[in-house]
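# Descriptive analysis of the structure
One-letter residues, chain by chain:
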Amino acid sequence: MHIAVIGSGYVGLVTGACFAEFGVTVTCVDNDAEKIERLNQYKIPFYEPGLEDLVRRNAEQGRLFFTTDLGAAVSEALVVFIAVGTPPQEDGSADLSYVEGVAREIAKHLTSYKVIVTKSTVPVGTGERVRSLIEAERKEGVDFDIVSNPEFLREGAAIEDFMRPNRVIIGARSQQAVAIMKDLYRPLYLIETPFVITNVETAELIKYAANSFLAVKISFINEMSRLCEQVGADVNVVAKGMGLDGRIGAKFLHAGAGFGGSCFPKDTRAMLKIAADHGVPFEIVRAAISANERQVARNAERILAVMGADLKNMSIAVLGLSFKPNTDDIREAPALRLIGQLQAAGAAIRAYDPVAMDNARNALPEVRFCRDAYDACQGADAVVIMTEWNQFRNLDLARIKKSMRSAFFFDFRNVYDPAKVRAEGFEYRSIGRP
Ligand code: UGA
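Please read all numbers here as calculations on a predicted model, not as lab measurements.

## Side note on the environment of Ile-82
Mapping Ile-82 onto the fold places it in strand S4 (residues 79-82). Take Ile-82: its relative accessible area is 1%, and that puts it in the buried class. Distance from Ile-82 to Tyr-98, taken between C-alpha atoms, is 9.5 Å for residues 16 residues apart in sequence. With residues up to four places along the chain from it excluded, the contact list for Ile-82 reads Ile-6, Val-99, Val-102, Ile-106, Ile-116, Val-117, Thr-118, Lys-119, Ser-120 and Val-130.

As structure tokens, this is what we get:
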């Protein structure tokens, strides 16, 4: 089977490479010629573990192609995935101009039956909108079907999430389109992945519902961490005790610096907008968003409360800049907000991140970027863990303590055992633990 994936960003590239790995012939399309040229040299525009190898292998074996020629890719394909960006607008709604532009382009090149699939996270009703755009502009007599097949890829674990998903959602009206999609995903059928077959609107909503619910879970435990601090309880143990109840589940109950990234902040706001447009006050999602805003703002406040409001002549080491480990993505990363607030209080920042420093350089002009965690802590008054990269989980604490000027240790991902860090002579603070 031939498929085309329009948009070679994060979702498109992972989707294309993984389908190629399933044995499908895939053409990835992008209108950025420079990006396509680099992809043809197997240069991936972002950091995602395992993706470069996957792209190289499948391209070398003749199953994965990159082009700017949308028309040629669409004519050859039976299934066309739309995987272009849907950036947030001022009012929180998703900007659909790229999706609509691509739909018009596809219509121009529709010469035979195709299944046209939205993979980007799009508001309810977008499938219908794409259908009517294509219907209006296609040549007469050429048939097509619309499918919604939302992605559930976590940055940093995207290949694993694609190859071994919890579920595959297929929203479609036509039985023929469902059969073609099932055929495409056959390797997952063989490993007994649950498939949810439904209508387009339901599939579109499932994506927002899932991300919003996960955001609610995180904000719940983050608010719980505040209460824990007040009553002398340990939020990690509260989460464990709750999570062992199979109805609740242990995942996404890690209290921390607040959620960030390109998905939860954007999708929760879009969820609110969709609900409001339909007259539904989705208060629980609104509360999760504001709890997260407070959680992110509080990181710096915690530091100021311990070290004093004036940080002039103070040097602070920030470990981790990406919004979570195993990605170089710094969009809505709590570390960036923290650094701005600490700088406003007069602190000099020394930072280290295993892969996100190149992305951070422009956003953080005044920051001294360091060689590694030890270099960052050199001469610092405080160290702050903002991202739980594995390499920060087992640092030589005695070595760090010796190299620092003062010994404040803020662990905003609850990576360390408080007793162990305090035993090294640090003034240690974490989230929601006595
Ligand atoms: C999220 C979803 O997990 C994916 O299923 C979805 O496909 C994706 O959004 C998307 O919409 O494209 P992602 O944003 O890559 O994936 O990252 P997550 O691993 O979900 O983490 C999001 C944020 O929540 C991070 O800032 C992380 O540090 C934070 N988090 C997560 C917590 O603070 N506590 C937790 O227990 C879990």
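The structure having been displayed, the exposition proceeds.
## Points about the site of the ligand
Looking at the ligand, there are 19 residues lining it, with Glu-151, Leu-153, Glu-155, Lys-207 and Asn-211 nearest. Between the ligand and Glu-155 there is a distance of 2.8 Å, counted from an oxygen atom to a backbone nitrogen or oxygen. With respect to the ligand, the backbone of His-254 contributes an N or O atom lying 2.9 Å from an oxygen atom. With the chains in place, 91% of the 720 Å² that the ligand exposes on its own is no longer accessible. For the shell around the ligand, the elements supplying multiple residues, two or more each, are helix H10 (200-231) and helix H12 (264-277). Considering each element in turn, the shell around the ligand owes the most residues, three residues, to H10. Partitioned by chemical class, the residues of the shell around the ligand number nine nonpolar, three polar and seven charged.

## Points about the packing of aromatic side chains
In this structure the tally under the stated criterion is 17 aromatic pairs. Note on Phe-259 and Phe-264: the rings are 5.9 Å apart at their centroids and 85° apart in plane angle, and the pair reads as edge-to-face. The class of Phe-264 is buried, set by a relative accessible area of 12%. Put simply, the rings of Phe-19, Phe-22, Phe-81, Phe-162, Tyr-185, Tyr-189 and Phe-195 touch in pairs and so form one group of aromatic residues. Sitting over the ring of Phe-369, Arg-361 keeps its end group 5.0 Å from the ring centre. Lying across the ring of Tyr-374, Arg-399 places its NZ or CZ 3.8 Å from the centre.

## Some remarks on the packing of helix H13 (residues 283-307) against helix H14 (residues 334-344)
Interhelical geometry of H13 versus H14 gives an angle of 40° and a closest axis separation of 8 Å. One way to sum up the angle between H13 and H14 is to call them oblique. Along this stretch, H13 crosses H14, giving a crossing that reads as right-handed. Across the interface between the two elements, Val-296, Ala-297, Asn-299, Ala-300 and Ile-303 of H13 pack against Pro-334, Arg-337, Leu-338, Gln-341 and Leu-342 of H14. In terms of residue class, the contact of H13 with H14 is made up of seven nonpolar, two polar and one charged.

## Overview of the environment of Arg-129
Along the chain, Arg-129 falls in helix H6 (residues 126-137). Given the relative accessible area of 37%, Arg-129 is considered partly exposed. A sequence separation of 29 residues divides Arg-129 from Glu-100, and the C-alpha atoms of the two residues are 8.2 Å apart. Setting aside residues up to four positions removed in sequence, Arg-129 forms contacts with Glu-100 and Arg-104.

## Considering the sheet that holds S4
Spatially, S3-S2-S1-S4-S5-S6-S7-S8 is the arrangement adopted by the eight strands of the open sheet, whose pairing is mixed. With partners counted over all chains shown, the strands left at the sheet margins are strand S3 (64-67) and strand S8 (195-198), one partner each. For this sheet the average axis-to-axis angle between neighbouring strands, irrespective of direction, equals 20°. Both strand S1 (residues 2-6) and S4 contribute to a ladder of four bridges, which runs parallel. Its bridge partner being in S4, Ala-4 is matched across the sheet by Val-80. The strands that H6 touches are S4, strand S5 (114-118) and strand S6 (144-148); relative to S6, the one it contacts most, it runs at about 160°. With respect to the sheet, H10 is in contact with S6, strand S7 (168-172) and S8, its orientation differing from that of S7 by roughly 145°.

## Comments concerning the pattern of salt bridges
In total, this model carries 30 salt bridges according to the counting rule given. For Lys-108, the salt bridge goes to Glu-105, with nearest N and O atoms at 2.8 Å. Remark: Glu-105 and Lys-108 occur in helix H5 (residues 97-108); sequence separation between them is three residues, near one turn of the helix. Residue Glu-105 is classed as partly exposed on the basis of its relative accessible area of 30%. A salt bridge links Glu-283 to Arg-286, with the nearest nitrogen and oxygen atoms 3.5 Å apart. Residue Glu-283 and its partner Arg-286 are both found in helix H13; the two are separated by three residues, about one turn of the helix.

## A look at H13
Because an α-helix completes one turn every 3.6 residues, residues spaced three or four positions apart along the sequence face the same direction. For H13, which comprises 25 residues, the first-to-last C-alpha distance of 36 Å matches the rise-based estimate of 36 Å (1.5 Å per residue) to within 8%. Gly-308 lies just past H13 and shows a positive phi near 100°.

## Some thoughts on the domain arrangement of the chain
Domains assigned within the chain are domain 1 (2-198), domain 2 (208-289) and domain 3 (297-430). Computed over C-alpha atoms, the centres of domain 1 and domain 2 are 29 Å apart. Contact with domain 2 buries area across many residues of domain 1, yet Pro-88, Gly-92 and Thr-121 alone supply 36% of it, more than any other trio. The interface formed by domain 1 and domain 2 contains one salt bridge. Two residues, Lys-273 and Asp-91, come together in a salt bridge whose shortest N-O distance is 3.7 Å. At the surface where domain 1 touches domain 2, the tally comes to two residue pairs in polar contact (both at pLDDT 80 or more).

## Looking at the sheet that holds strand S14 (residues 427-430)
Within the open sheet, the six strands sit side by side as S11-S10-S9-S12-S13-S14. Their pairing is parallel. Looking along the sheet, the strands with just one partner apiece sit at the ends: strand S11 (368-369) and S14. With two bridges joining them, strand S10 (residues 348-352) and S11 adopt parallel strand pairing. Among the inter-strand pairings, Ala-351 is bridged to a residue of S11, identified as Phe-369.

Quick notes on the rules
Residues numbered from 1 in each chain as written. Predicted model: local features only at pLDDT ≥ 70, side-chain atom pairs only at ≥ 80, totals over all residues. Heavy atoms only, no water. Helix = DSSP H or I, 4+ residues; strand = E, 2+ residues; numbered from the N terminus. Buried < 20%, exposed > 50% of the residue type's maximum accessible area, 1.4 Å probe, protein only. Contact = heavy atoms within 4.5 Å. Near = heavy atom within 4 Å. Polar contact = N/O pair within 3.5 Å; in protein donor to acceptor, adjacent residues only side chain to side chain. Areas by Shrake-Rupley, 256 points an atom, 1.4 Å probe, with all protein chains shown as cover. Nonpolar A, V, L, I, M, F, W, Y, C, P; charged D, E, K, R; others polar. Phe/Tyr/Trp six-rings, centres within 6.5 Å; stacked < 30°, edge-to-face > 60°. Lys NZ or Arg CZ within 6 Å of the ring centre and 35° of its normal. Axes fitted to C-alpha atoms, helices over the stretch in contact; angles between N-to-C directions. Parallel < 35°, antiparallel > 145°, perpendicular 65-115°, else oblique. Left-handed = near helix turned anticlockwise from the far one by under 90°. Pairing = 2+ DSSP bridges. Salt bridge = Lys/Arg side-chain N within 4 Å of Asp/Glu carboxyl O. Expected span 1.5 Å × (residues − 1). Domains from an automatic or database assignment. Buried area = accessible area lost by both parts, 1.4 Å probe.

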